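Structural features, examined
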Protein chains: 4
Amino acid sequence: MSCFQVRTDLALEAREGIGEAEREIHGVSVEESYDKKNEIRVTRVVIETKNGAKAMGKPMGVYITLEAPGMIEPEEDYHQEISSALAGQLKSIIPDAEKEQSILVVGLGNRDVTADALGPNVADNLFVTRHVVKEYGKAAYNKSRMHMVSSIVPGVMAKTGMESAEIIRGVVEQTRPDLVIVVDALAARSTKRLNRTIQITNTGIHPGSGVGNHRNALTKESLEVPVIAIGVPTVVDAATIVNDATSGRMPANLTELNNMYVTSKDVDYQVKQISHIICDALNEALEL
Amino acid sequence: MSCFQVRTDLALEAREGIGEAEREIHGVSVEESYDKKNEIRVTRVVIETKNGAKAMGKPMGVYITLEAPGMIEPEEDYHQEISSALAGQLKSIIPDAEKEQSILVVGLGNRDVTADALGPNVADNLFVTRHVVKEYGKAAYNKSRMHMVSSIVPGVMAKTGMESAEIIRGVVEQTRPDLVIVVDALAARSTKRLNRTIQITNTGIHPGSGVGNHRNALTKESLEVPVIAIGVPTVVDAATIVNDATSGRMPANLTELNNMYVTSKDVDYQVKQISHIICDALNEALEL
Amino acid sequence: MSCFQVRTDLALEAREGIGEAEREIHGVSVEESYDKKNEIRVTRVVIETKNGAKAMGKPMGVYITLEAPGMIEPEEDYHQEISSALAGQLKSIIPDAEKEQSILVVGLGNRDVTADALGPNVADNLFVTRHVVKEYGKAAYNKSRMHMVSSIVPGVMAKTGMESAEIIRGVVEQTRPDLVIVVDALAARSTKRLNRTIQITNTGIHPGSGVGNHRNALTKESLEVPVIAIGVPTVVDAATIVNDATSGRMPANLTELNNMYVTSKDVDYQVKQISHIICDALNEALEL
Amino acid sequence: MSCFQVRTDLALEAREGIGEAEREIHGVSVEESYDKKNEIRVTRVVIETKNGAKAMGKPMGVYITLEAPGMIEPEEDYHQEISSALAGQLKSIIPDAEKEQSILVVGLGNRDVTADALGPNVADNLFVTRHVVKEYGKAAYNKSRMHMVSSIVPGVMAKTGMESAEIIRGVVEQTRPDLVIVVDALAARSTKRLNRTIQITNTGIHPGSGVGNHRNALTKESLEVPVIAIGVPTVVDAATIVNDATSGRMPANLTELNNMYVTSKDVDYQVKQISHIICDALNEALEL
């Protein structure tokens, strides 16, 4: 048995870590759908009981995974298909999606590290409306009903000296949104999921997840508003890969790998593409 | 008389706007010192009474201006002289500078607009310590006494949908610093002050100041902790220049200038240099 | 009469500088068309004779101007209309547009100055194909006919120590493209054209034009291949504005304005929008 | 025996790959010096014969390696010690270092990928003088003797459609420098060398080296001027690490690792620090 903690931020992978026989976990329901034309696979895992949560090693809640092998291909029309599919899933998980509300989008991660810049990229390009609606009313957009959207990039602890969670809690207390949506780059267990899987969950962000290893939770409990998290695996922990390749017998001299990650050589292009997809999906989902 | 409001963020210029005869304003004291070798001029204006505040059009408080013509020359040794002089002035204005305290540095402005990126540049490069001291104690730095420094770049309203002041108030409430230091790019009235003048004040930031025109105040009253503001004029309002050149008879068809500013062609280089100077000065001033 | 040289990079404005009576210039033909639905106005000025060139102060050639007031509005569908209109105009001016050829796109300007980053933004996001076609053939794209597209951002002289023209000449000699397309931010004479006008010309870039004031020409004569220039006014010379406002009597103490420019406060957003439009138009126009 | 090609860009590591017994390679001389106070180790490997080149798997020439464990610590004074040591080594390897000459510094790599941005960072911040000296003479700097320094960031093939080597050859032919200095991020074999080792060589850049895997050579043969390369390992090939950990038995399902690399989690900070060190060293070494 390995004393090395295998790490994954993906519910899909958590389930794969479980043996074939145990796949039918009590308290966990799984639904799959496949859009053949666009090669988009959507898996909806619902962890309904505490037992299910224990078996999966994830909190109770809904985990939607959207997989599309062509996510990083340079085809704009195809991106729009993925964006629309993602927007649909987002709407399905936003509480009272049809009710006018105030929504804060948080772009977690470090904008100076390419693989970790997904959240900041999305937040930077989002269509925000809160300040205009507050100042001029919905009429400024010729709308009778609309959400008020705001966004923030809190930065990472090494640069701010603060937990992201401290900053976000402060902003939430000041601006009182009805919903927080957090976008973050994740660590996957397997390189084959990198940059072609998007995960949405209504359980928020839990300690130890994300490329930057945010230590404090961003959840309904900690923020006192519902929290939806959108994550994309952009890296694999270096230690995880070696651990897997050596069947858990990672050489002692490689422990420094714990502070390293594996990423694709064209990570800049891939993160840019996926940021666009998520940004477009949010703009679509957050329009009434 | 012009109905166009001439705008300046510099106390020094506010005083210049006043006629020669009235220069000796009651309730305003002015001290100048000049470092001949380094060509650094320091002017310390103290507005001591409400009358003085009214005459100057600025709140009561201390305004220190450091002028150095060579601020943007590419000479690193000289930059260190300016940094040290600035650090000295900062220490003179920080309340209980010798007492261990927690200090939040705020980089105001838009990192995507070169002339407005001064604050973000400084905050991004600052030496922050709060997270390390909180986790491992001062021993991590081999120190027995030290400040805890944190920093944030709140972003601009057009991108976040929130006032900078809302974000900062939230962060201050969560992390309870003893002092806030705000760094911002300013608008000057005259092109001759651009990028060679640094202003420090203990009155904070007031509505309508700054390149990005932050509308809410960042002051001791609004944040409930002392606020020091460091500002550098990097732009001149386009309307101000035309207004001056036409002796207040700005042609009606130029009103769109109100949404424009004038900046130097090598603004990127100049803002980079001054960001370094201020960042070094803060690192020096915030070390016990 | 003013001794101050009024500067404009726009053929449209050059014509406006000429008195009403002389508008019918011999050797200059002008055609206008207006797409009412999309509010896109296209003006095609052809300078056919040396006399016309002298009268206009511009070299002989075709100058197409596309004006759309909504260019900087955040509406993606509308952007696609402008992109397509621009792509059509580009195709009309590319020599032998239907013949397979090798095309080098040059992004002039300084990526660190927001108003001057238009060219680099476009080049960074362009779909380049030359390296793939050279290595794997057109089959890699499932095409039987296609252009080979390459791109370069030469940087500005203050950072490279070289004229952009020196770098581009070197790249052209090494890679022998059939056509060079140069994208650059321009200086306009009037703030009303800022960020809503795109100019295309088959005369290339001439000394003294552009935000960064490139001193060497990029023309068919200097590069020995046809050169198309795409330009968007993103700044106005500060001196030009004051000169106009004072009817040519610019105060002597404002001569330092010669090294300054006027730009819009949300220049970052506007340049980003227009970069996308031009990039999309180029991708469309350069597809066979 | 492994059929997987272990890759390293470091001469020091090439030598480590050779068994203890064979360390005394004929035709290869090795000198070490150690600055105890600053903990800087300098190793000078000279490959003097074709046999030596074969044994080392590297071309004949001088390879200087400077190792300093504290290279990435946030201590500016210490950085100056490393910079000065590096400047001294650079001067020892520049042909006719005391003769006035024209020097082109090339920043290889992709500025949008943090680990690969070392070269662009150095080039962007270098003190370039060629354009000023050409226009105004050395008097502009109050000097009677000085080099003319220029710099370029060619970009990467995925974005330009051209080999870096094509661009550089073109620039060299146009501007005729006496010396080319190339700065590039390298791949190391071992994580323990990451971001604390700087290698200088007078053999230039050879196919297949660097993070971005530049395929064409940049050597005296290809450019017809001497080429010095400065490299810092910022990544380890993911496949190399797994190959080592599994003693050459990399699982077949990990072949996709060939397109991945391993990097440190605070790669942004480390690359920034080292870019400063190299930039300062170049500025010092290129001053007469």
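Worth saying up front: this structure is predicted, and the values here are computed from it rather than measured.

1. Regarding the overall build of chain A
Counting its secondary structure elements, chain A contains 10 helices and 9 strands. Looking at the 288 residues of chain A, the share that counts as buried comes to 59%. Across chain A, the fraction of contacts at a sequence separation of at least 24, relative to all contacts at a separation of at least 6, is 72%. Summed over its atoms, the accessible surface of chain A is roughly 11700 Å², and 47% of this surface lies on carbon and sulfur atoms.

2. Structural notes on the packing of helix α4 (residues 118-125) of chain D against helix α10 (residues 267-285) of chain D
Residues and elements named next belong to chain D. Across the interface, α4 lies against α10 with an axial gap of 9 Å and an inter-helix angle of 45°. Of the possible angle classes, the one that applies to α4 and α10 is oblique. Every pair of crossing elements has a handedness; the one defined by α4 and α10 is right-handed. Contact residues: Leu-118, Asn-121, Val-122 and Asn-125 in α4; Val-271, Ile-274, Ser-275, Ile-278, Cys-279, Leu-282 and Asn-283 in α10. Across the contact of α4 with α10, the residue classes tally to 7 nonpolar, 4 polar and no charged.

3. Concerning the relation of the copies chain D and chain A
Look at the two chain copies: a rotation about an axis and a shift along it is all it takes to match them. You can overlay chain D on chain A at an RMSD of 0.0 Å; the transform is a turn of 180° with a shift of 0.0 Å along its axis. Accordingly, the operation relating the two chain copies is best matched by a two-fold axis. By C-alpha distance to the rotation axis, the residue of chain D lying nearest is Val-262 of chain D, at 2.1 Å. A share of 100% of the interface residues of chain D reappears at the interface of chain A, consistent with the copies meeting face to face through the same patch.

4. With respect to the interface of chain A and chain B
Accessible area lost on assembly of the parts is the figure often given for the size of an interface. With 28 residues of chain A in contact, the opposing surface of chain B contributes 28 residues. The tally of links from chain A across to chain B stands at 2 salt bridges. As a salt-bridge pair, Arg-130 of chain B and Glu-166 of chain A come within 2.8 Å of each other at their nearest N and O atoms. Applying the counting rule to chain A against chain B returns 14 residue pairs in polar contact (both at pLDDT 80 or more). Counting residues per element, the ones that place at least two in the side of chain A that touches chain B are α4 (118-125), α5 (130-136), β5 (148-152), α6 (157-160) and α7 (164-175) of chain A. Sort the elements by how many residues they give to the side of chain A that touches chain B and α7 of chain A lands first, with 8 residues.

5. Let's talk about the interface of chain D and chain A
Each side of the interface is counted separately: chain D has 31 residues, and chain A has 31 residues. Among the residues chain D hides against chain A, the three largest losses belong to Met-260, Tyr-261 and Lys-265 of chain D. Together they make up 27% of the total. Summed over the shared surface of chain D and chain A, the number is 4 salt bridges. The partner of Lys-159 of chain D in a salt bridge is Asp-268 of chain A, and the shortest N-O contact between them spans 3.4 Å.

6. Section: the relation of the copies chain A and chain B
Rotating chain A by 180° and moving it 0.0 Å along the rotation axis overlays it on chain B with an RMSD of 0.0 Å. Both copies present the same face, since 100% of the interface residues in chain A are matched by interface residues at the equivalent positions in chain B.

7. Some words on the pairing of strand β5 (residues 148-152) of chain C
Residue and element names in this part refer to chain C. Along β5, 4 of the 5 residues are buried, which leaves the element largely enclosed by surrounding structure. Here strand β4 (residues 102-107) pairs with β5 via 5 bridges, running parallel. Note on β5: the bridge partner recorded for Leu-104 is Ser-150.

8. Observations regarding the environment of Glu-73 of chain D
Residue and element names in this part refer to chain D. For Glu-73, the location among the structural elements is in the loop between β3 (61-67) and α3 (76-93). Classification of Glu-73 as partly exposed rests on a relative accessible area of 37%. Distance from Glu-73 to Ile-230, taken between C-alpha atoms, is 21 Å for residues 157 residues apart in sequence. Leaving out residues up to four positions away in the same chain, Glu-73 has contacts with His-79, Tyr-269 and Gln-273.

9. Digging into α7 of chain A
Residue and element names in this part refer to chain A. The end-to-end C-alpha separation of α7 is 16 Å, in line with the 16 Å expected for 12 residues at 1.5 Å each. Burial within α7 is extensive, with 9 of its 12 residues counted as buried. When α7 is considered as a whole, its buried residues turn out to be Ser-164, Ala-165, Glu-166, Ile-167, Ile-168, Gly-170, Val-171, Val-172 and Thr-175.

10. Quick word on the packing of aromatic side chains
Residue and element names in this part refer to chain B. By the definition in use, this model includes 4 aromatic pairs over all chains. Here Phe-127 and Tyr-141 contribute two aromatic rings whose centre-to-centre distance is 5.9 Å and whose plane-to-plane angle is 80°, an arrangement assigned as edge-to-face. Here the residue Phe-127 occupies a position in the loop between α4 (118-125) and α5 (130-136), and Tyr-141 occupies one in the loop between α5 and β5 (148-152), the gap between them amounting to 14 residues.

11. Re the packing of helix α9 (residues 238-245) of chain B against helix α9 (residues 238-245) of chain C
Relative to each other, α9 of chain B and α9 of chain C sit at 40°, their axes nearing to 9 Å. When the interaxial angle is binned, α9 of chain B and α9 of chain C end up oblique. Two packed elements cross with a definite hand, and for α9 of chain B against α9 of chain C that hand is right-handed. Across from Ile-241, Val-242 and Ala-245 of chain B in α9 of chain B, the residues of α9 of chain C making contact are Ile-241, Val-242 and Ala-245 of chain C. By residue class, the composition of the contact of α9 of chain B with α9 of chain C is 6 nonpolar, no polar and no charged.

12. Points about unusual backbone geometry
With a phi angle near 65°, Glu-224 of chain A is a residue other than glycine that sits in the positive phi range. On the secondary structure map, Glu-224 of chain A appears in the loop between α8 (220-223) and β8 (227-237). Residue Glu-224 of chain A is classed as exposed on the basis of its relative accessible area, which comes to 67%. A positive phi angle, close to 55°, is found at Glu-39 of chain D, a residue other than glycine. One can find Glu-39 of chain D in the loop between β1 (28-35) and β2 (40-47).

13. Structural notes on the confidence of the model for chain A
On average, residues of chain A score 87 in pLDDT, and 89% of them are at 70 or above. Note on residues 1-6 of chain A: pLDDT is under 50 here. Beyond four places in sequence and across chains, it has 10 contacts.

14. Remarks on the pairing of strand β2 (residues 40-47) of chain B
Residues and elements named next belong to chain B. Judged by how many residues are buried, β2 sits mostly within the fold: 6 of 8 residues are covered. The pairing of strand β1 (residues 28-35) with β2 spans 8 bridges and is antiparallel. Bridge pairing in β2 links Ser-29 to Val-46. Hairpin connection between β1 and β2: a loop of 4 residues separates the two successive antiparallel strands, and Glu-39 in this loop has a positive phi of roughly 55°.

15. Quick look at the environment of Asn-283 of chain A
Residues and elements named next belong to chain A. Checked against the element boundaries, Asn-283 lands in helix α10 (residues 267-285). Note: C-alpha distance between Asn-283 and Val-128 (155 residues apart in sequence) is 8.9 Å. Here Asn-283 is in contact with Asn-125, Leu-126 and Phe-127, once residues within four sequence places are set aside.

16. Regarding the environment of Leu-282 of chain A
All names here are of chain A. If you trace the backbone, Leu-282 turns up in helix α10. For Leu-282, a relative accessible area of 0% puts it in the buried group. With 166 residues separating them along the chain, Leu-282 and Asp-116 place their C-alpha atoms 19 Å apart. If we ignore the near neighbours within four places in the chain, the residues touching Leu-282 are Leu-90, Val-105, Val-122, Leu-126, Ile-181, Val-183 and Ile-230.

17. As for the pattern of salt bridges
A full pass over the atoms with the stated rule returns 36 salt bridges over all chains. With its nearest N and O atoms 2.7 Å apart, the salt bridge here joins Glu-67 of chain D to Arg-193 of chain D. Remark: Arg-193 of chain D occurs in the loop between β6 (179-188) and β7 (197-201) and Glu-67 of chain D occurs in strand β3; sequence separation between them is 126 residues. Overlapping salt bridges, with partners in common, bring together Asp-112 and Lys-159 of chain A together with Asp-268 of chain D in one network.

18. Description of the state of the cysteines
Note on terminology: a disulfide is the covalent bond linking the sulfur atoms of two cysteines. Following the criterion strictly, the structure yields 0 disulfides over all chains and no others. Among the cysteines around Cys-279 of chain D, which has no disulfide bond, Cys-279 of chain B carries the closest sulfur, lying 17 Å off.

19. A short note on the side chain of Thr-201 of chain C
Residue and element names in this part refer to chain C. Note that Thr-201 resides in strand β7 (residues 197-201). Thr-201 gets classed as buried once you look at its relative accessible area, which sits at 4%. Of the polar contacts made by the side chain of Thr-201, one reaches the backbone oxygen of Val-62; its length is 2.9 Å. Only 2.7 Å separates the side chain of Thr-201 from the side chain of Thr-203, close enough to count as a polar contact.

Cut-offs applied
Residues numbered from 1 in each chain as written. Chains lettered and ligands numbered in written order. Predicted model: local features only at pLDDT ≥ 70, side-chain atom pairs only at ≥ 80, totals over all residues. Heavy atoms only, no water. Helix = DSSP H or I, 4+ residues; strand = E, 2+ residues; numbered from the N terminus. Buried < 20%, exposed > 50% of the residue type's maximum accessible area, 1.4 Å probe, protein only. Contact = heavy atoms within 4.5 Å. Areas by Shrake-Rupley, 256 points an atom, 1.4 Å probe, with all protein chains shown as cover. Axes fitted to C-alpha atoms, helices over the stretch in contact; angles between N-to-C directions. Parallel < 35°, antiparallel > 145°, perpendicular 65-115°, else oblique. Left-handed = near helix turned anticlockwise from the far one by under 90°. Nonpolar A, V, L, I, M, F, W, Y, C, P; charged D, E, K, R; others polar. Least-squares fit on C-alpha atoms with pLDDT ≥ 70 in both. Salt bridge = Lys/Arg side-chain N within 4 Å of Asp/Glu carboxyl O. Polar contact = N/O pair within 3.5 Å; in protein donor to acceptor, adjacent residues only side chain to side chain. Buried area = accessible area lost by both parts, 1.4 Å probe. Pairing = 2+ DSSP bridges. Expected span 1.5 Å × (residues − 1). Phe/Tyr/Trp six-rings, centres within 6.5 Å; stacked < 30°, edge-to-face > 60°. pLDDT = per-residue confidence, 0-100. Disulfide = S-S within 2.5 Å.

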